[in-house]
Amino acid sequence: MPAPRECSLTEFLDLLRESLSRDACWGVVLSQPCRVDAHSRGRESLFPIGDARVGATEPVDRRPEIKTPDPFAEWPSKLTVRPIELSGARQYQLAERRGKQEFHLNLTADELLTRITAEFGERFEQADLFTPDADYSARVIRKDVVRLTKRKPSKSAPPLTHDRRKQYLIPEGRPCPFLTEIGVMTPAGQVKAAKQAKFRQVNRFLEFVDDVLPELPPQGVLRVIDFGCGKSYLTFALHYLLTELRGREVEVIGLDLKSEVVRDCQRIAEKLGCRGLRFEVGDIAGYAATGPVDMSVSLHACDTATDAAIAQAVRWHAKVILAVPCCQHEIFGLISDDSLPGLLRHGILKERFAALATDALRAALLEAVGYRTQVVEFIDLEHTPKNLLLRSVRTDRPSSESRERYEQLKAQLGLRDFTLEQLLQTEL
Ligand SMILES: C[S@@+](CC[C@H](N)C(=O)[O-])C[C@H]1O[C@@H](n2cnc3c(N)ncnc32)[C@H](O)[C@@H]1O
């Protein structure tokens, strides 16, 4: 590869233009913010007009002596661009880092070129362009002049199809009142960097709900209960999906033992004007529904509270049951190394095995009472190890095979009792 050379900044922009024109721009990064520019244009209060330091030529660090907080913390420190495919068309996702936050924007090739032209040399001193033929690094050394380095290509083709943003039911960039209220989004619809995981989790959950909507009555008020709703961001998400995105009339109830949490959720629901959403204090086991329930949701309801939620839903003939179990202690205390020699000797293995076995038993019981059941991954394992979702749809065809499977597994585990079985005695 040739040695670095000096060239005009325009020459670098031409390289970018050319790579964009043949869909061969695999990424751009602008870094090394121009501090001088930030002072003179964006932070006049720090360097008032007439300040001798503005416009000085020596390359010194011009930051005034400022104690914390760092006034530049929110100033863009980096722009990262990657190609994505939106509705079958090539676009470029621009991520702008400001302090701890990252903001995203999708741009066409022309818009990207305009943006980079405006930023490079003005707000950033370093630009890196990645193409299939070469990596280009350009460093501003004088006004409109850069030192250009060409290297062997380091990036492989970007995974355009892996962009999940286009599939999100609540896309980034669309202001969503409840996400703003719970601090996931800014009022303008940008997802805060620290809340990206929660944002993904909300959307993932909504995908599951959306998938089962065809199983629910197509008309009339949908009645949904969220058992052990806690702070309820998923309850609000569910309500948003059903009402705002799917135009349904709903009665959504969030139930929890904790009165303070319930009060807070109710206040938020009223503040946001969430029609048909209310919160109640109560115990899952003793909760008496005042009418038919179409869908029951229980997300991380502790230990056997999940069983209580499933049993209630089955008794009410809920059409859909979504349950993400939480900590599971019941079987852990009942199985011993004798049942599965070698496997259960280590505490952590026993704990995980107990949780898996519990969900297998629950799934078999649900099928036994007439619910087609799938066990699927709820969210990425990186967020929580409690990431399985039991997704059950009522078929009214109890499965004797599943009942048999349940009995076999129970016997293999050496179990005499199992909470969900007791709770479903009448239905089994
Ligand atoms: C881990 S939090 C999960 C909150 C929420 N569903 C989520 O996934 O973010 C579990 C919640 O279940 C509630 N809970 C546990 N047992 C319950 C019961 N028997 N009846 C009602 N709520 C219960 C707790 O008070 C707590 O708020």
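On a predicted model such as this, the values are computed, not experimentally measured, just so you know. (Residues numbered from 1 in each chain as written. Predicted model: local features only at pLDDT ≥ 70, side-chain atom pairs only at ≥ 80, totals over all residues.)

## Brief notes about the overall build of the protein
A count of helical and extended segments in the protein gives 11 helices and 15 strands. Each of the 428 residues in the protein was classed as buried or not, and the buried ones make up 33%. Taking as baseline every contact in the protein between residues at least 6 positions apart, the subset at least 24 positions apart corresponds to 64%. (Helix = DSSP H or I, 4+ residues; strand = E, 2+ residues; numbered from the N terminus. Buried ≥ 20, exposed ≤ 12 C-beta atoms within 10 Å, placed from the backbone. Contact = placed C-beta atoms within 7 Å.)

## Brief notes about the site of the ligand
Close contacts around the ligand come from 18 residues, with Gly228, Gly230, Ile284, Leu299 and Ala305 the closest. Within the residue set of the shell around the ligand, elements represented by two or more residues are strand S10 (250-256), strand S12 (295-301) and helix H8 (305-315). Considering each element in turn, the shell around the ligand owes the most residues, 3 residues, to S12. The residue inventory of the shell around the ligand, partitioned by class, reads 12 nonpolar, 3 polar and 3 charged. (Near = placed C-beta within 6 Å. Nonpolar A, V, L, I, M, F, W, Y, C, P; charged D, E, K, R; others polar.)

## A few points about the environment of Phe208
Secondary-structure assignment places Phe208 in helix H5 (residues 196-212). Separated by 168 residues in the primary sequence, Phe208 and Val376 place their C-alpha atoms 9.9 Å from one another. Among residues more than four places away in sequence, those in contact with Phe208 are Leu322, Leu389 and Arg391.

## Concerning the environment of Gly414
Within the element layout of this structure, Gly414 appears in the loop between helix H10 (400-413) and helix H11 (419-423). For Gly414 and Ser339, which are 75 residues apart along the polypeptide, the C-alpha to C-alpha distance reads 6.2 Å. Not counting the four nearest positions on each side in its chain, Gly414 is found in contact with Ile335 and Ser339.

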